[in-house]
Amino acid sequence: MNTENIQNEKKYNKWIVALSIVIPLAVAALFGIKLKDFGFDVEPLTFLPSIYATINGITAIVLILAVLAIKKGNRKLHEGLMKFAISLSVVFLLLYIAYHMTSDSTKYGGEGVIAYAYYFILITHILLSIAVIPFVLITYVRAITNNIERHKKIARITFPLWLYVAVTGVIVYLMISPYYI
């Protein structure tokens, strides 16, 4: 193990911890803020859920393509796809916040077993979307600091978590979309 690479990786740890805490807290705080309550005359951005669900779907595809690229030894393509996946996630987050700052949350209207399935998927999606943040950041830092063996180890955990979050984001949207007003 290259100690210089590990030292370079450690330089990012404070940022990883800070972002892993700040991002979920900021989303939670902004989720509860409605721009109209502050005198902004904004129309609800009701068109956004289909867009950010599509972004989740594209993210899932990009993640799979990135894994296939690295398995074929195409490191440059893998790197580009992973940067694209991170960018998609940032855009998703901004659109998600914009929607919730302008629109009321939609209540799920399903009943019975399907409601239990919906809430199970929703809750695991939300919890893992928070948990995956440090995994993505650590995985990325290990790649850019050239700690490839350590990158591979954590990527084996990060990939299925991130893929689950992306895919369940689409599923949650499809399940709740009939109830959008």
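The structure contained in this document is the topic of the report that follows.

Rules and cut-offs
- Residues numbered from 1 in each chain as written.
- Predicted model: local features only at pLDDT ≥ 70, side-chain atom pairs only at ≥ 80, totals over all residues.
- Heavy atoms only, no water.
- Helix = DSSP H or I, 4+ residues; strand = E, 2+ residues; numbered from the N terminus.
- Expected span 1.5 Å × (residues − 1).
- Bend = angle between axes of the 7 residues up to and from the residue.
- 1 Å grid on protein atoms, 1.4 Å probe; cavity = no way out; pocket = protein on both sides within 12 Å on 5 of 7 lines; lining within 4 Å.
- Points joined across faces, edges and corners; volume = space filled by probe spheres on them.
- Nonpolar A, V, L, I, M, F, W, Y, C, P; charged D, E, K, R; others polar.
- Phe/Tyr/Trp six-rings, centres within 6.5 Å; stacked < 30°, edge-to-face > 60°.
- Buried < 20%, exposed > 50% of the residue type's maximum accessible area, 1.4 Å probe, protein only.
- Axes fitted to C-alpha atoms, helices over the stretch in contact; angles between N-to-C directions.
- Parallel < 35°, antiparallel > 145°, perpendicular 65-115°, else oblique.
- Left-handed = near helix turned anticlockwise from the far one by under 90°.
- Contact = heavy atoms within 4.5 Å.
- Core = buried A, V, L, I, M, F, W, Y, C linked by side-chain atoms within 4.5 Å.

## Regarding helix α6 (residues 148-176)
So, step 1. Its 29 residues place the ends of α6 40 Å apart at the C-alpha level, agreeing with the 42 Å of an ideal helix rising 1.5 Å per residue.
So, step 2. By the largest-angle criterion, Ala155 marks the main kink of α6, which is about 35 degrees.

## Comments concerning the layout of surface pockets
So, step 1. Reported here for the largest pocket is a volume of approximately 1,300 Å³.
So, step 2. In this structure, the largest pocket is lined by 46 residues; those nearest its centre are Phe92, Leu93, Tyr96, His125 and Ser129.
So, step 3. Elements that contribute at least two residues to the lining of the largest pocket include exactly α2 (13-31), α3 (48-71), α4 (75-102), α5 (113-144) and α6.
So, step 4. The element that contributes the greatest number of residues to the lining of the largest pocket is α5, accounting for 12 residues.
So, step 5. Here the lining of the largest pocket is composed, by residue class, of 35 nonpolar, nine polar and two charged.
So, step 6. The volume enclosed by the second largest pocket comes to roughly 710 Å³.
So, step 7. In this structure, the second largest pocket is lined by 24 residues; those nearest its centre are Ile70, His78, Met82, His151 and Ala155.

## Some remarks on the packing of aromatic side chains
Aromatic rings in a pair are described by how distant their centres are and how their planes are angled relative to each other.
So, step 1. The final tally for this structure, using the stated rule, is 11 aromatic pairs.
So, step 2. When the ring of Tyr108 is compared with that of Tyr119, the centres are 6.0 Å apart and the planes differ by 85 degrees; the resulting orientation is edge-to-face. Here Tyr108, found in the loop between α4 and α5, pairs with Tyr119, found in helix α5; they are 11 residues apart in sequence, far enough to count as distant.
So, step 3. By relative accessible area, which is 12% here, Tyr108 ends up buried.

## Looking at the packing of α4 against α6
Packed helices, taken two at a time, are described by their axes: the angle between them and the distance between them.
So, step 1. Look at α4 against α6: their axes get within 14 Å of each other, and the N-to-C directions meet at 45 degrees. Judged on the interaxial angle alone, α6 and α4 are oblique. Seen along the crossing, α4 lies across α6 with a hand that is left-handed. Between α4 and α6, the residues in contact are Arg75, His78, Met82, Ala85, Ile86 and Ser89 and Ile148, His151 and Trp162, respectively.
So, step 2. Broken down by class, the residue content of the contact of α4 with α6 amounts to five nonpolar, three polar and one charged.

## So, the nonpolar core
So, step 1. Grouped together as the largest cluster of nonpolar side chains are 18 residues, with contacts concentrated most on Tyr52 and Trp162.
So, step 2. At the level of secondary structure, the elements contributing two or more residues to this core comprise α3, α4, α5 and α6.
So, step 3. The residues touching Trp162, leaving out its near neighbours within four places in the chain, are Thr59, Leu63, Met82, Ala85, Ile86, Ser89, Val132 and Val136.
So, step 4. Grouped together as the second largest cluster of nonpolar side chains are eight residues, Tyr108, Tyr118, Met175 and Ile176 included.

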